[in-house]
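Reading the structure
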Amino acid sequence: MNKKEYDTFLQYLKNEDKDQALLYVLGLLDQGKSVVSVYEELLIPSLVDFECEDPNQELCVWYEHTRTSIIRTILEASYAYIIKEREQRVQKRVLVVCPQEEYHEIGAIIANHYFSLVGFDSYYVGANTPNEDILLAIKALTPDYIAISVTNYYNVIVTKKLSQQIQEQYPNLPIILGGQAFQREDSLQQVQHHFLLQNYHDIVTFKKEVIG
Ligand code: B12
């Protein structure tokens with residue numbers, strides 16, 4: 001990790017300077033820094049290690065929302081570099097979803113980008129997607145895998161139901177789980193699944209396992 005780059009980026013975020021934060025990251029990508037390095041060294045730590053420095057705690061939610069929104073913009077803007085860096089297509093589709101009530105979507109967007117980067121045709125539906133709509137998306141897109149991203153532990157129950165519905169209606173569709181909620185062993189045991197993937201390295205290993 002390049003500490004100078006991270007400190008510079010963090011300063012832009014602390015100033016809520018969306019334009020400079022975005023231009024800085026695009027500049028690094030133009031200079032040849034890889035998408036994965038940008039995500040792992042700058043974007044992910046800036047959210048995971050977020051600490052509110054304002055003594056007025058009421059304002060912290062606002063700071064958190066603003067930072068998330070800036071990171072989301074940068075993630076979307078980096079997609080052109082994913083197309084450039086993408087490995088040979090593997091002709092397999094992955095559908096990435098956040099279940100009902102799951103508003104945390106940055107992890108899902110990153111997973112979607114990582115699947116694309118290693119050659120999958122990856123589709124992301126959006127945060128807080130009702131189970132019925134996810135089942136319809138499966139019908140429309142006919143994916144080879146479905147990846148469910150869950151951050152909030154309280155959404156494990158709705159995910160358990162979703163996983164059962166998928167198994168009933170699409171018994172041959174492998175289910176991938178990921179996200180902070182599944183760092184807990186008890187959550188993982190509640191939801192039927194075939195794979196647990198949490199980061200870029202896991203996705204690379206998964207590709208080797210299923211594609212060869
Ligand atoms: C930003 C944020 C929000 C934003 C999200 C905006 C958005 N558009 O996504 C908003 C403001 C909406 C929000 C709301 C809430 N939040 Co919040 N939020 C966060 C925060 C600060 C960052 C989350 C984030 O984006 N992290 C960065 C990403 C990159 O990390 P990640 O999600 O873990 O994803 C990584 C991996 O998990 C993995 N991954 C994730 N999914 C998948 C899927 C696959 C297939 C793969 C391969 C990998 C993968 O890849 C990513 C890269 O490594 C965290 C604090 C934290 N330390 O994480 C709290 C946090 C997640 N929130 C929390 C809470 C409690 C809430 C609220 C209930 C608060 C409230 N009272 O309103 C609501 C709940 C909303 C809901 N029902 O979902 C708690 C969750 C605790 C719990 N119960 O489990 C946390 C941990 C804060 C805390 N310490 O209490 N939040």
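Residues numbered from 1 in each chain as written. Predicted model: local features only at pLDDT ≥ 70, side-chain atom pairs only at ≥ 80, totals over all residues. Heavy atoms only, no water.

Next up on the list: the packing of helix α3 (residues 35–48) against helix α6 (residues 106–117). Helix packing geometry: the angle between the two helix axes and the distance between the axes. Close contact between α3 and α6 brings their axes to 12 Å; oriented N to C, the two are set at 175°. One way to sum up the angle between α3 and α6 is to call them roughly antiparallel. Across the interface between the two elements, V35, V36, Y39, E40, I44 and L47 from α3 touch I106, I110, H113, Y114 and L117 from α6. Across the contact of α3 with α6, the residue classes break down as 9 nonpolar, 1 polar and 1 charged. (Axes fitted to C-alpha atoms, helices over the stretch in contact; angles between N-to-C directions. Helix = DSSP H or I, 4+ residues; strand = E, 2+ residues; numbered from the N terminus. Parallel < 35°, antiparallel > 145°, perpendicular 65-115°, else oblique. Contact = heavy atoms within 4.5 Å. Nonpolar A, V, L, I, M, F, W, Y, C, P; charged D, E, K, R; others polar.)

So, on to the environment of P143. Along the chain, the position of P143 falls in the loop between α7 (131–141) and β3 (145–149). For P143 and K3, which are 140 residues apart along the polypeptide, the C-alpha to C-alpha distance reads 40 Å. Those residues in contact with P143, other than ones at most four positions away along the chain, are R93, L95, I138 and L173.

The next thing to look at is the site of the ligand. Within the structure, the ligand sits among 27 residues, and E101, H104, E105, S149 and Q180 are positioned closest to it. Within the backbone of E101, a nitrogen or oxygen atom sits 2.7 Å from a nitrogen atom of the ligand. With respect to the ligand, the backbone of G179 contributes an N or O atom lying 3.4 Å from a nitrogen atom. With 4 residues, the single largest contributor to the shell around the ligand is α6. In terms of residue class, the shell around the ligand is built from 12 nonpolar, 11 polar and 4 charged. Counting residues domain by domain, the shell around the ligand receives three or more from each of domain 1 (3–84) and domain 2 (88–211). (Near = heavy atom within 4 Å. Polar contact = N/O pair within 3.5 Å; in protein donor to acceptor, adjacent residues only side chain to side chain. Domains from an automatic or database assignment.)

A few words on helix α4 (residues 60–77). Over its 18 residues, α4 runs 26 Å from end to end, which matches the ideal 26 Å to within 8%, given 1.5 Å per residue. Those residues of α4 that sit buried are C60, T66, R67, I70, I71, I74 and L75. The inward-facing, buried residues of α4 contact α1 (3–14), α2 (18–30), α3, α5 (79–85) and α6. (Expected span 1.5 Å × (residues − 1). Buried < 20%, exposed > 50% of the residue type's maximum accessible area, 1.4 Å probe, protein only.)

With respect to the secondary-structure elements, E5 resides in helix α1. If we ignore the near neighbours within four places in the chain, the residues touching E5 are Y24, L28, K33, E41 and L42.

Here we take up the packing of aromatic side chains. Summed over all chains, the structure comprises 11 aromatic pairs. With centroids separated by 4.9 Å and ring planes inclined at 80°, the aromatic side chains of F195 and F206 adopt a geometry described as edge-to-face. One end of the pair, F195, is in strand β5 (residues 195–196); the other, F206, is in helix α10 (residues 200–211), with 11 residues separating them in the sequence. An identical accessibility class is assigned to F195 and F206; each is buried. In this structure, R184 is placed above the aromatic ring of Y153, and the distance from its NZ or CZ to the ring centre is 3.5 Å. (Phe/Tyr/Trp six-rings, centres within 6.5 Å; stacked < 30°, edge-to-face > 60°. Lys NZ or Arg CZ within 6 Å of the ring centre and 35° of its normal.)

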